[in-house]
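Architecture and fold: a report
Read off the chains here:
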Amino acid sequence: MQLLKTMVAVFKTNVLHEDEAHLLRQVIGSQAGITRCDFDLEDCDKILRIECRESIADKVIGLLARNGFMCEEL
């Protein structure tokens with residue numbers, strides 16, 4: 001049995017409201033290779049954490065940009 005390795009990508013965003021985060025979780029979560037996605041809107045950097053099977057930083061940054069948000073990998 002082979003285990004799939006999971007990595008965690010962490011991003012700084014400008015997402016301020018839970019309704020925005022909810023919409024973005026749906027958009028991000030629909031991408032192949034992403035197993036989990038959550039926001040910490042109480043953090044000063046409005047952190048986005050994503051569990052994934054491969055490097056997806058460019059894809060996530062692009063997805064947020066197309067939806068009107070800033071996203072920077074930490």
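Residues numbered from 1 in each chain as written. Predicted model: local features only at pLDDT ≥ 70, side-chain atom pairs only at ≥ 80, totals over all residues. Heavy atoms only, no water.

1. Here's the deal with the sheet that holds strand S4 (residues 71–73)
Taken in spatial order, the four strands of this open sheet run S2-S3-S1-S4, and their pairing is antiparallel. Taken across any chain shown, the strands that pair with only one partner, and hence form the sheet edges, are strand S2 (34–40) and S4. Each strand axis lies, on average, 25° off the axis of its neighbour in the sheet, ignoring direction. When strand S1 (residues 7–13) meets S4, the two strands line up antiparallel, connected through three bridges. The residue of S4 that forms the bridge with threonine 13 is cysteine 71. Along the sheet face, helix H2 (residues 57–66) touches S1, strand S3 (47–52) and S4 and points at about 165° away from the line of S4. (Pairing = 2+ DSSP bridges. Helix = DSSP H or I, 4+ residues; strand = E, 2+ residues; numbered from the N terminus. Axes fitted to C-alpha atoms, helices over the stretch in contact; angles between N-to-C directions. Contact = heavy atoms within 4.5 Å.)

2. Notes on unusual backbone geometry
Working note: non-glycine residues mostly have negative phi, and peptide bonds are mostly trans. For lysine 46, which is not a glycine, the phi torsion comes out positive at approximately 45°. Here lysine 46 shows up in the loop between S2 and S3.

3. Describing the pattern of salt bridges
Counted according to the given criterion, the structure contains four salt bridges. For arginine 49, the salt bridge goes to aspartate 38, with nearest N and O atoms at 4.0 Å. Remark: aspartate 38 occurs in strand S2 and arginine 49 occurs in strand S3; sequence separation between them is eleven residues. Here the salt bridges do not stand alone but share partners, grouping Arg36, Asp38 and Arg49 into one network. (Salt bridge = Lys/Arg side-chain N within 4 Å of Asp/Glu carboxyl O.)

4. So, the environment of arginine 25
Tracing the backbone through its elements, the reader meets arginine 25 in helix H1 (residues 18–29). Its relative accessible area of 24% is what places arginine 25 among the partly exposed residues. Separated by 25 residues in sequence, arginine 25 and isoleucine 50 have C-alpha atoms that sit 9.7 Å apart. (Buried < 20%, exposed > 50% of the residue type's maximum accessible area, 1.4 Å probe, protein only.)

5. Here's the deal with the side chain of lysine 46
Lacking a salt bridge, the buried lysine 46 has aspartate 43 as its closest oppositely charged neighbour, with an N-O distance of 7.4 Å. Looking at lysine 46, its side chain comes within polar contact range of the main-chain oxygen of leucine 41, at 2.7 Å. (Lys, Arg positive; Asp, Glu negative; His and termini not counted. Polar contact = N/O pair within 3.5 Å; in protein donor to acceptor, adjacent residues only side chain to side chain.)

6. Overview of the side chain of threonine 13
Locating threonine 13 in the fold gives a position in strand S1. A relative accessible area of 4% means that threonine 13 is categorised as buried. Beyond its immediate sequence surroundings of up to four residues, threonine 13 is in contact with Phe39, Asp45, Lys46, Leu48, Leu64, Met70 and Cys71.

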